[in-house]
Amino acid sequence: MSNFLAKRLNVLKPYTPGEQPQDKSYIKLNTNESPYPPSPLVKQLLNGDAIDALRLYSDPHSRSLNKAIAEYHGISPEQVFTANGSDEVLSFAFYAWGQDNGVAYPDISYGFYRVFADLYGLCSVVVPLENDFSLDIAKFDKTAGLIVFANPNAPTGLFVDINKIEALAKSNPDSIILVDEAYVDFGGVSALSLIDSCNNVVVVRTFSKSRQLAGARLGYAMASENLIDDLNRVKFSFNPYNVNRLTALAGEASIKDDEWHKSCVNKVIATRGKLLESLKNLGFYVTDSKANFVFASHNSVPAEVLYLKLKEYGVLVRHFKQDKIDNFLRITVGTDDEINNLVGAICRILKEYDT
Ligand SMILES: *Cc1c(COP(=O)(O)O)cnc(C)c1O
């Protein structure tokens, strides 16, 4: 750090992404990526013509991509905003809607919410989860100008009923209700049906978790036209070409290959069921995850020990050194083979721990 850095940034604690180690090849179950490759259509489109076109700026309105997303969801292109990962959507949303009346989010959720709030110096209301990790969203009532939560939540995997979201939106007409649906393709019900009846609801999605494009960086928001205008106002003040040409093509191909998308999602859901069963049989408490990860705590072996031992065995999972959840592991659902490897490694560790 230099002496020139703004004081506020001096004390800011940046987001810590899951490890992306380069030292050896791990079974990577720590950052909720898809274990499957992108749709073959993506490869087909990212050809020589796409490379040649890189000399030109991308379309600052991402028209073709936004149209494809709008068609997929049955909404109008004016209700879609795309960005360089849903992290960027969230960043613009916090900037656009959190400055005047602050932002509220759960104590245990996606770590970036706190970081964006701190980065922009926003007033934060942190709402605690219940003891069973469920989120009582009524506790968000009249808390802030921007209310943000992930549904399903991370790292718990738990889901809030959409009727409760509608009630919150109706009773807080002066607040934006932003529902981060990074994992909704794996279970639960989308709040998308609310964007026409509630002009204060914003739904955020990503291509990183269920669409095999984490490295392409693509996310989007869906909301009423006025709210999308707000996000564009911010975007055109930061980086008008935020979605690059290759990513826009990849995203459009992905959204047009629904069969591939559904088959990958269904494989993950099937493997999740098997993983949850195996973990329960091995003495784990698990939450009822609707996401592409499970959240598990063993009845005798501490999570940190499991995390470190699994790493020695070449399996990476996520352990958060955070109050209330430091005895839990978040494990991404990989392929059946990867999960068999994981379960085998856990069995060995449990045996070692006994003796
Ligand atoms: C992974 C994740 C994101 C970020 O997704 P990107 O599109 O890769 O930036 C946002 N929200 C939640 C809850 C996530 O888990």
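Look above for the structure.
Residues numbered from 1 in each chain as written. Predicted model: local features only at pLDDT ≥ 70, side-chain atom pairs only at ≥ 80, totals over all residues. Heavy atoms only, no water.

(A) Region of the structure containing the overall build of the protein chain. When you go through the protein chain residue by residue, the secondary structure sums to 12 helices and 13 strands. What you see for the protein chain is a C-alpha radius of gyration of 21 Å, in line with the 20 Å of a compact globule of 355 residues. With 355 residues in all, the protein chain has 52% of them scored as buried. Residue pairs in contact within the protein chain that sit at least 24 positions apart in sequence constitute 73% of those at least 6 positions apart. By element, 51% of the accessible surface of the protein chain is carried by carbon and sulfur atoms, the whole surface being about 16,500 Å². For the protein chain, the separation between the mean place of its 36 positive charges and that of its 42 negative charges on side chains is 4 Å. (Helix = DSSP H or I, 4+ residues; strand = E, 2+ residues; numbered from the N terminus. Rg over C-alpha atoms; globule rule 2.2 N^0.38 Å. Buried < 20%, exposed > 50% of the residue type's maximum accessible area, 1.4 Å probe, protein only. Contact = heavy atoms within 4.5 Å. Areas by Shrake-Rupley, 256 points an atom, 1.4 Å probe, with all protein chains shown as cover. Lys, Arg positive; Asp, Glu negative; His and termini not counted. Charge placed at Lys NZ, Arg CZ, Asp CG, Glu CD.)

(B) The site of the ligand, seen in detail. The ligand sits among Gly85, Ser86, Asp87, Tyr110, Ala150, Asp180, Ala182, Tyr183, Thr206, Ser208, Lys209 and Arg217. The backbone of Ser86 places a nitrogen or oxygen atom 2.7 Å from an oxygen atom of the ligand. Within the contact set of the ligand, an oxygen atom lies 2.5 Å away from a side-chain nitrogen or oxygen of Tyr183. Contact with the protein chains covers 93% of the free accessible surface of the ligand, which is 390 Å². (Near = heavy atom within 4 Å. Polar contact = N/O pair within 3.5 Å; in protein donor to acceptor, adjacent residues only side chain to side chain.)

(C) Inspection of the sheet that holds strand β13 (residues 329–332) at higher detail. Across the sheet, which stays open at both edges, the four strands sit in the order β9-β10-β13-β12 with antiparallel pairing between neighbours. Either end of the sheet is taken by a strand with one partner, and the two such strands are β9 (284–286) and β12 (318–319). Taken together, the three bridges between β9 and strand β10 (residues 293–298) define a ladder with antiparallel strand orientation. Paired with Val286 across the strands is Ala296, a residue of β10. (Pairing = 2+ DSSP bridges.)

(D) Just the pattern of salt bridges, in detail. In the structure shown here, the tally under the stated rule is 18 salt bridges. Across the salt bridge formed by Glu19 and Lys311, the nearest N and O atoms sit 2.6 Å from each other. In this pair, Glu19 is assigned in the loop between α1 (7–11) and β1 (27–28) and Lys311 in helix α11 (residues 303–312), connecting sequence segments 292 residues apart. Take Glu19: its relative accessible area is 26%, and that puts it in the partly exposed class. We classify Lys311 as partly exposed; its relative accessible area is 24%. Between Asp258 and Lys262 there is a salt bridge, with the nearest N and O atoms lying 2.5 Å from each other. Of this pair, Asp258 and Lys262 both sit in helix α10 (residues 258–281), separated by four residues, roughly a single helical turn. (Salt bridge = Lys/Arg side-chain N within 4 Å of Asp/Glu carboxyl O.)

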